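# Architecture at a glance
What follows is each chain in one-letter form.
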Amino acid sequence: MTASVEPIQVLLVEDDPGDELMTREAFEDNKINNTLHVVRDGQEALDFLYRNGTYGDAPRPDLILLDLNLPKYDGRQVLQRIKSDEELAHIPVVVLTTSSAEEDILRSYRLHANAYVTKPVDLNQFIAAVRQIDEFFVSVVKLPRN
């Protein structure tokens with residue numbers, strides 16, 4: 001990442017504390033200057049995105065990292081809501097999940113996920129995957145600014 005790249009707001013939707021910690025470590029280890037916001041279930045994700053309740057001042061994320069297997073509303077339901085809402089549909093959503101099932105991959109893309117990444121089990125591979133996602137969405141592609 002070059003110094004001229006402006007940091008972005010990243011929303012991580014993840015209920016597993018271990019995966020959240022690994023993602024935080026990936027951001028720190030790679031000196032990623034983006035702001036990472038974390039919510040732990042589908043309802044919290046929607047509250048954050050719609051600025052409900054305690055998330056009244058939440059920033060609009062530039063990128064969403066979304067787990068599929070979540071309590072309350074699962075990731076598929078959250079993805080469907082995001083991509084069917086005119087105000088949110090432009091936000092890139094990377095499905096970051098343990099599932100490598102063809103059915104989940106196909107359904108996520110049918111719901112207009114921007115990318116589908118299966119979480120590596122190995123810590124170093126997980127950190128590398130998060131770094132690559134970050135580099136791609138910060139340094140390679142042009143994101144719409146909110």
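See the structure printed just above.
These lines cover the structure that appears in this document, whether it is placed above or below. (Residues numbered from 1 in each chain as written. Predicted model: local features only at pLDDT ≥ 70, side-chain atom pairs only at ≥ 80, totals over all residues. Heavy atoms only, no water.)

## Section: the overall build of the protein chain
We count it as follows: The helix and strand labels rest on DSSP assignments: H or I over at least four residues marks a helix, E over at least two residues marks a strand, and numbering proceeds from the N terminus. Three exposure classes are used, based on accessible area relative to the maximum for each residue type with a 1.4 Å probe and protein chains only: buried under 20%, partly exposed in between, and exposed over 50%. The contact rule is simple, with two residues in contact once any of their heavy atoms fall within 4.5 Å. All accessible-area figures derive from a Shrake-Rupley calculation using a 1.4 Å probe, and residue coverage is judged against the displayed protein chains alone. None of His or the chain ends enter the tally, which takes Lys and Arg as positive and Asp and Glu as negative. To locate a charge, take atom NZ for lysine, CZ for arginine, CG for aspartate or CD for glutamate.
Counting its secondary structure elements, the protein chain contains five helices and five strands. With respect to the three principal axes, the spread of C-alpha positions in the protein chain is 35 × 35 × 25 Å. With 146 residues in all, the protein chain has 49% of them scored as buried. Of all intrachain contacts in the protein chain linking residues separated by at least 6 positions in sequence, the fraction that spans at least 24 positions is 65%. Taken as a whole, the protein chain presents about 7,600 Å² of accessible surface, with 47% of it coming from carbon and sulfur. The protein chain carries 15 positive and 25 negative side-chain charges, and their two centres are separated by 4 Å.

## Here's the deal with helix α1 (residues 17-29)
Quick note on the threshold: A helix's residues, less one, multiplied by 1.5 Å, set its expected span. This arc is taken over the directions from the axis of the helix to the C-beta atoms.
Counted at 1.5 Å a residue, the expected span for α1 with its 13 residues is 18 Å, and the 18 Å between its end C-alpha atoms agrees. When we look at burial in α1, the residues that qualify are Asp-19, Glu-20, Met-22, Thr-23, Ala-26 and Phe-27. The buried residues of α1 occupy one face: seen down the axis, they fall within an arc of 165 degrees. Every exposed residue of α1 that faces more than 90 degrees away from the buried side is listed here: Pro-17 and Glu-28. As for α1, its buried residues are in contact with β1 (9-13), β2 (35-39) and α5 (123-140).

## Remarks on the packing of α1 against α5
Stated formally: For helices, the fitted axis covers only the stretch in contact; all axes are lines through C-alpha atoms, and the angles between them, taken along N-to-C directions, range from 0 to 180 degrees. By convention, the crossing between two helices is left-handed when the near helix turns anticlockwise from the far helix through less than a right angle, and right-handed when the turn is clockwise.
The contact between α1 and α5 brings their axes to 9 Å, and the two run at 65 degrees. The hand of the α1/α5 crossing is right-handed. Residues Asp-19, Met-22, Thr-23, Glu-25, Ala-26, Phe-27 and Asp-29 of α1 touch α5, and the partners they reach there are Leu-123, Phe-126, Ile-127 and Val-130.

## Notes on the pairing of β2
Using the following cut-off: When DSSP finds two or more bridges between a pair of strands, those strands are recorded as paired.
Counted residue by residue, β2 has four buried out of five residues, so it is predominantly covered. Strand direction decides the pairing type here: β1 and β2, joined by five bridges, are parallel. Along β2, the bridge assignment pairs Val-10 with Leu-36.

## Description of the side chain of Arg-60
The condition is simple: Any carboxyl oxygen of Asp or Glu that lies within 4 Å of a side-chain nitrogen of Lys or Arg is treated as forming a salt bridge with it. Here a polar contact means two N or O atoms within 3.5 Å. Within protein one must be a hydrogen donor candidate and the other an acceptor candidate, and residues neighboring in sequence count only if both atoms are side-chain atoms.
Considering the arrangement of structural elements, one finds Arg-60 in the loop between α2 (42-50) and β3 (63-66). Although Arg-60 is buried, it makes no salt bridge; Glu-87 carries the closest opposite charge, 5.1 Å away. A distance of 2.6 Å separates the side chain of Arg-60 from the backbone oxygen of Leu-49, its partner in a polar contact.

## Thoughts on the sheet that holds β3
On the basis of which strands lie adjacent, the open sheet formed by five strands has the order β2-β1-β3-β4-β5 and parallel pairing. With partners counted over all chains shown, the strands left at the sheet margins are β2 and β5 (115-118), one partner each. For this sheet, the mean angle separating the axes of adjacent strands, direction not counted, is 20 degrees. Sheet topology places strand β4 (residues 93-97) next to β5; four bridges connect them, and they run parallel. The partner of Leu-96 across the bridge, within β5, is Val-117. Its contacts with the sheet put α1 on β1 and β2, and the angle it makes with β2 is roughly 175 degrees.

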